[in-house]
Structures are given as structure tokens and as C-alpha cells.
Amino acid sequence: MDLFLEYGWVLLVLIVLEGLLAADNALVLAIMVKHLPEEKRKKALFYGLVGAFFFRLGSLFLISFLVDVWQVQALGAIYLLYISINHTVKHFLKGKTKTDEAQDSPKKAKKQSGFWMTVFKVEVADIAFAVDSILAAVALAVALPPSGLPNIGGLDGGQFIVIFLGGFIGLIIMRFAATFFVKLLQQRPGLEVAAFLIVGWVGVKLAVITLAHPDVGLIDSHFPHNSIWKISFYFVLVAIAALGWFLSSKVEVTDDENAIKEVEEQQPAKDTDTSK
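The shown structure was predicted, so the numbers you read here are calculated from the model rather than taken from an experiment.

What counts and how
- Residues numbered from 1 in each chain as written.
- Predicted model: local features only at pLDDT ≥ 70, side-chain atom pairs only at ≥ 80, totals over all residues.
- Heavy atoms only, no water.
- Patch = residues over 30% accessible without salt bridge, like charges linked within 9 Å, V, L, I, M, F, W, Y side chains within 5 Å.
- Areas by Shrake-Rupley, 256 points an atom, 1.4 Å probe, with all protein chains shown as cover.
- Salt bridge = Lys/Arg side-chain N within 4 Å of Asp/Glu carboxyl O.
- Helix = DSSP H or I, 4+ residues; strand = E, 2+ residues; numbered from the N terminus.
- Buried < 20%, exposed > 50% of the residue type's maximum accessible area, 1.4 Å probe, protein only.
- Expected span 1.5 Å × (residues − 1).
- Arc of directions from axis to C-beta.
- Polar contact = N/O pair within 3.5 Å; in protein donor to acceptor, adjacent residues only side chain to side chain.
- Contact = heavy atoms within 4.5 Å.

As for a nonpolar patch on the surface
Then, number 1: On the surface, Leu-149, Ile-161, Phe-164, Leu-165, Phe-168, Ile-172 and Phe-176 cluster together into a nonpolar patch covering about 620 Å² of accessible area.
Then, number 2: As for its placement among the helices and strands, Ile-161 is situated in helix α6 (residues 157-187).
Then, number 3: In this structure Ile-161 comes out as partly exposed when scored by relative accessible area, which is 40%.

Description of helix α5 (residues 115-141)
Then, number 1: Compared with the 39 Å implied by 1.5 Å per residue over 27 residues, the 38 Å span of α5 between its first and last C-alpha is a close match.
Then, number 2: Burial analysis of α5 places 19 of its 27 residues in the buried class, the great majority of the element.

Quick notes on helix α8 (residues 227-246)
Then, number 1: Taking 1.5 Å of rise per residue, the 20 residues of α8 would be expected to cover 28 Å, and the 28 Å separating its terminal C-alpha atoms lies within 8% of that figure.
Then, number 2: All of the buried residues in α8 are Trp-229, Lys-230, Phe-233, Tyr-234, Leu-237, Ile-240 and Gly-244. Down the axis of α8, the smallest arc covering the buried residues is 125°, so these residues share one side. Exposed positions of α8 whose direction lies more than 90 degrees from the buried face are Ser-227, Ile-228, Ile-231, Phe-235 and Phe-246.
Then, number 3: A distance of 2.7 Å separates the backbone nitrogen of Ile-228 from a side-chain oxygen at the start of α8, and that oxygen is part of Asn-226.

Some details on the environment of Ala-241
Then, number 1: Position of Ala-241 relative to the elements: it lies in helix α8.
Then, number 2: With 51 residues separating them in the primary sequence, Ala-241 and Gly-190 have C-alpha atoms 8.9 Å apart.
Then, number 3: The residues touching Ala-241, leaving out its near neighbours within four places in the chain, are Leu-191 and Ile-198.

A closer look at the side chain of Ser-133
Then, number 1: Tracing the backbone shows Ser-133 in helix α5.
Then, number 2: With residues up to four places along the chain from it excluded, the contact list for Ser-133 reads Glu-18, Arg-56 and Gly-167.

So, to be careful, I would describe these as geometric facts and stop short of saying anything about function.
Below, the structure is given as C-alpha cells:
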């Protein structure tokens, strides 16, 4: 029962984190394709969704075979810490979130890419999103106790399933619930910063796992599985999310002010001409 609860808790945390990251990812993709005519924009977003699925699945299978290599763990920890610090610093220096930038972006006139170049850029972005998502999921799940299921690569079968479900649910959110999550980020701007601080904290967890690796041995190999460390980790994680919620004053946002809708509905003045 304890095993089921621990796996269920990690999956719940993953779903929430994936929801916030998926909203952020969906908003970026919407910004990237906003200059295209409506039909081409829909096609580009569809290709982006298909690419996101295959890249996440590919990343998961690749990482499942490399997850026990401490150099891979170290690179993953550095990467998660980098995107967390980079996003947070940019937020406080610029004072803007991606949702704010999305609302401002239609005002910025510049030469835009053609359809296939836009699709290429979307797929490159998908690769980055897949790496973010899978690394964060692996860092959360890799310290889970053995489930008894057969291993897949270097991952316990239960850990693999949790990571896969987290990534798959993230895709569903990106496709069907991105508008809701983007509106939530607009209403509570602190949640976007909190999401990336959580990514950084997950990076710290992956760094701890790296330092405890038998080939590194800087800390005790049993420490990542220690109950006190696990409780402390999730306490800080929940505290970051709670602070992001309560320290962010609620902003009233109507449906027609939703950033992702605004971006998706932005069409060039000559849509009917350019689509021919």
C-alpha cells in the first residue's frame, strides 16, 4: 500500500508540473506559428504535437538505457538547474512572463519564416521540451523503490510507467487543456516562476542522485532513498508551489484575454491571399 501511495504521489506531482510546463510549451508553439494563415497554422501545430509525442517517447527510451550513467545524470542536473535559473533571472530582470510576451508579440512586426521553416523550428522546440519534461520526470521517479516489474533499460518497470504516464498526460494537457493552464498562469503569474523553481529543485534532486552514484561516492549511496530526504524534498517542492500561488495576487482574466487564444487568433491581414 505504501508503495502504491508513493508511486501515486510522484505521478500526481508530475501531472501538476507537466500541466504548467505544457502550458508554457503550448504558448511558445502558438507564438511560433501565429504568423501563418489559419489552415497552415493548424497543420504546423498538429505536426508539433506529433513531433512532441515521438520526441518524448524517444527521449524516454534513450534515457531509460542511460539513466544509471552518472555523467548523464550530472548533465541532466546541470541542464535542469540552467533552465530554472535562466528563466527565473530573465523574469525578474524583464519583469515579464511568457504570457505577457505573448500578448505583446503581435505588436512586433518582423520578417516571418515560411511554413516548412516554421514547422522545423517547432520540431526543434519540441526536442527541447521533450528533454525538459523527461529529465524532470526521471529525476522525480528514479529514486522510487523497486516495483517488482521487469526493468526497461536501466529503469525499474514501475518507474518507466510513471515517467511515461507523466509525459503522455503532459501531451494531453498541451492539446486539450493548454488554454485553461495559460489562463491560470495569467491569473496567478507567480505560478510560472514557481514551476521553473520546482524544475531547479528537481535538478538539485538529480544532482544528489549523481553525487550518491557508486562511481562518484561523494555522499552515501542510500541517501537519495532516505525517508527524511524524501520528505524534505517534497516539503520544499510543495512550499514553492504554495508560495507561488499565495504570493501572486490574483488577476482577473476573461476568456477573450487568454494569451494563447489571442496568439492563436492573430491572423495576417492577407490570410486569404497567402493561403493560396
